[in-house]
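Residue-level structural notes
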Amino acid sequence: MKTKPKSNIKYWIWLQLVLGRGAPLEPVLEAFPEGPESIFRAGEREWRLSGVFGKTALARMTDLDLRPSYRILELCAKMGVDPLSPEDGDFPAPLRYLPDCPAVLYAKGDSSLLRIPALFAIVGTRSARRSSLHIASDFSELLTRCGMIIVSGAALGVDSAAHIGALNAGGKTIGVLGSPFGSDYLKRNESLRRCIAENGVLVTELAPEQTMNMGDFPKRNRLISGMTCGTLVVEAAVKSGSLITATWANSQGKDVFAVPGEPTTSFQGSNELLEAGAMTAEKAWDILQEYRCREPYAKYLNIEAVPQEELLRNLVNTVSAEPVALRPDIAERCNRRSPQKKAGPELSRAAAAVYGIFSGTPVSLPELQKQSGLSGTALLSALSELEVFGYIETLPDKTYNYTSRSD
């Protein structure tokens, strides 16, 4: 797929809104190989003759213009979010070959990480045992030190442990969200998600302010497995979201690994995966040996970076009473957000003065009014100006802080 100017993204967003999340994109692009702008301009007669659009999509196409696309692009600019279409270089290449390839991914952070082939998923239950959290974190840390980029769902439990292990190793990590940026969902994990965005990238298929539902999470899981070379399931009960990810991985022809566990409810799904043919993972070497000589992954790996005895250590037998947590220096750095850019000439004097109040931690409206000395109306005007120009963002708890987008 050829790279086209970023201005084409508005048509991809329009197509995403028309089709809905997780809809088959492949037959649509086969019928209209020139891409979404040609679809937009084709008109109702050609849409119907193509035979690739259902009644719901046709109704949306008739009613939908580009204004919602421009609104989404405006929100992306304010939030520091980069919308990526399959034509963009940073769009994960493996996803382009999925029948249900997303028309747009929304990324916050270093989207160039999505180009790397050596992406590996670690998933598991949200209500994991402490031992399973340590297993996920240890696997993640060792694989990261060897050159892999760990991908997970940025949820509580095993997902968080996987991201923490990668960050503690000094590496990057990718979080694939089932909710849009700006959503209040899973507020408990907000600080970790912010850390992932600043030391990796967060991606989602949902546009900012788009309504989410529980059906979005199984659709999200196809992206986790689809962009990675393999998936490790650490702890999963039957009918868990982790098994959905493993099922997607199998259907996509990807490798599936599972950590064996006791024959109890919380490990029943993992053990069933092993019985069905998943590869056993008890040590980091079980995973690395599958990719150390396989292209294109091998050239990204540096197995010599970790002593052999660590790679051969049985992680399943690891027992620790300590909680899995970010290294204090990393946690402090993530929470100490520095200004992303200096106040520019486009700002009014009042907006520049308000911007100078920020020091890296969220600030409430009353505190801003107290420090600025501005009237309520003048302060809100200054804050609106700062948001429009991408200097600050409104957080879910109605406080304000620097945007997480870097210049």
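The paragraphs below set out a description of the structure included in this document. (Residues numbered from 1 in each chain as written. Predicted model: local features only at pLDDT ≥ 70, side-chain atom pairs only at ≥ 80, totals over all residues. Heavy atoms only, no water.)

**Comments concerning the overall build of the chain**
- Within the chain, the regular secondary structure consists of 18 helices and eleven strands.
- Its C-alpha atoms give the chain a radius of gyration of 22 Å, near enough to 22 Å, the size a compact globule of 407 residues would have.
- Principal-axis analysis of the C-alpha atoms places the extent of the chain at approximately 60 × 60 × 40 Å.
- Among the 407 residues that make up the chain, the fraction classed as buried is 52%.
- In the structure as shown, the chain presents an accessible area of about 18,100 Å², 51% of it carried by carbon and sulfur atoms.
- With 45 positive and 46 negative side-chain charges, the chain shows a spacing of 4 Å between the two charge centroids. (Helix = DSSP H or I, 4+ residues; strand = E, 2+ residues; numbered from the N terminus. Rg over C-alpha atoms; globule rule 2.2 N^0.38 Å. Buried < 20%, exposed > 50% of the residue type's maximum accessible area, 1.4 Å probe, protein only. Areas by Shrake-Rupley, 256 points an atom, 1.4 Å probe, with all protein chains shown as cover. Lys, Arg positive; Asp, Glu negative; His and termini not counted. Charge placed at Lys NZ, Arg CZ, Asp CG, Glu CD.)

**Brief notes about the packing of aromatic side chains**
- Considering all chains together, one arrives at nine aromatic pairs under this definition.
- Look at Phe257 and Tyr291: their rings are 6.4 Å apart centre to centre, the planes differ by 55°, and that puts the pair in the tilted class. You can see Phe257 sitting in strand 8 (residues 255-258) and its partner Tyr291 sitting in helix 13 (residues 284-291), a full 34 residues away along the chain.
- Overall, Phe257 belongs to the buried group, its relative accessible area being 0%.
- On the basis of relative accessibility, which here comes to 0%, the residue Tyr291 falls in the buried class.
- Here Tyr291 and Tyr297 contribute two aromatic rings whose centre-to-centre distance is 5.5 Å and whose plane-to-plane angle is 85°, an arrangement assigned as edge-to-face. (Phe/Tyr/Trp six-rings, centres within 6.5 Å; stacked < 30°, edge-to-face > 60°.)

**Some remarks on unusual backbone geometry**
- A cis amide bond links Glu295 with the next residue in sequence, Pro296, at an omega value of 10°.
- Within the element layout of this structure, Pro296 appears in the loop between helix 13 and helix 14 (308-311).
- Non-glycine residue Glu209 carries a positive phi angle of around 70°.
- With respect to the helices, strands and loops of the structure, Glu209 is situated in the loop between strand 6 (200-204) and helix 10 (216-227).

**A word on the packing of helix 17 (residues 365-372) against helix 18 (residues 376-388)**
- With their axes 10 Å apart at the nearest point, helix 17 and helix 18 run at an angle of 110° to one another. With respect to their mutual orientation, helix 17 and helix 18 come out roughly perpendicular. Only Gly376, Leu379, Leu380 and Leu383 of helix 18 make contact with helix 17, whose side of the interface consists of Leu365, Leu368, Gln369 and Ser372.
- Of the residues belonging to the contact of helix 17 with helix 18, the class tally is five nonpolar, three polar and no charged. (Axes fitted to C-alpha atoms, helices over the stretch in contact; angles between N-to-C directions. Parallel < 35°, antiparallel > 145°, perpendicular 65-115°, else oblique. Contact = heavy atoms within 4.5 Å. Nonpolar A, V, L, I, M, F, W, Y, C, P; charged D, E, K, R; others polar.)

**A word on the pattern of salt bridges**
- Enumeration according to the criterion identifies 14 salt bridges in this entry.
- We note a salt bridge from Arg294 to Glu290, for which the minimum N-O separation is 3.8 Å.
- A relative accessible area of 30% places Arg294 in the partly exposed class.
- On the basis of relative accessible area, Glu290 is assigned to the partly exposed category, the value being 27%.
- What emerges from the salt-bridge pattern is a single network uniting Arg71, Glu74 and Glu209. (Salt bridge = Lys/Arg side-chain N within 4 Å of Asp/Glu carboxyl O.)

**Comments concerning the nonpolar core**
- Judged by nonpolar contacts, the single largest core of 70 residues is most densely connected at Ile39, Trp47, Phe53, Tyr106, Ile174 and Met227.
- The element best represented in this core is helix 1 (residues 9-19), accounting for eight residues.
- The contacts of Phe53, once residues within four sequence positions are left out, are Leu19, Val28, Phe32, Ile39, Trp47, Leu58 and Met61.
- By size, the runner-up hydrophobic cluster in this structure holds 32 residues, among which are Ile122, Val158, Val259 and Leu311. (Core = buried A, V, L, I, M, F, W, Y, C linked by side-chain atoms within 4.5 Å.)

**A short note on the packing of helix 10 against helix 11 (residues 241-251)**
- Here helix 10 crosses helix 11 at 50°, and the two axes come no closer than 8 Å. As summarised for this structure, helix 10 and helix 11 are arranged oblique, according to the angle between their axes. Considering only the axes of helix 10 and helix 11, their crossing is right-handed. Between helix 10 and helix 11, the residues in contact are Pro218, Asn221, Arg222, Ile224 and Ser225 and Gly241, Ile244, Thr245, Trp248 and Ala249, respectively.
- For the contact of helix 10 with helix 11, the class distribution of residues is five nonpolar, four polar and one charged. (Left-handed = near helix turned anticlockwise from the far one by under 90°.)

**With respect to the sheet that holds strand 2 (residues 105-109)**
- The strand order 1-2-6-5-4-3-7-8-9 describes an open sheet built from nine strands, whose pairing is mixed. Two strands lie at the open edges of the sheet, namely strand 1 (82-84) and strand 9 (279-280), each paired on one side alone.
- Across the face of the sheet, helix 13 comes into contact with strand 3 (119-123), strand 7 (230-233), strand 8 and strand 9 while running at roughly 170° to strand 8. (Pairing = 2+ DSSP bridges.)

**Observations concerning the environment of Ile287**
- Examined against the element boundaries, Ile287 turns out to sit in helix 13.
- Distance from Ile287 to Pro27, taken between C-alpha atoms, is 35 Å for residues 260 residues apart in sequence.
- Beyond its immediate chain neighbours, meaning those up to four positions away, Ile287 contacts Phe120, Phe139, Leu143, Leu232, Phe257 and Ala281.

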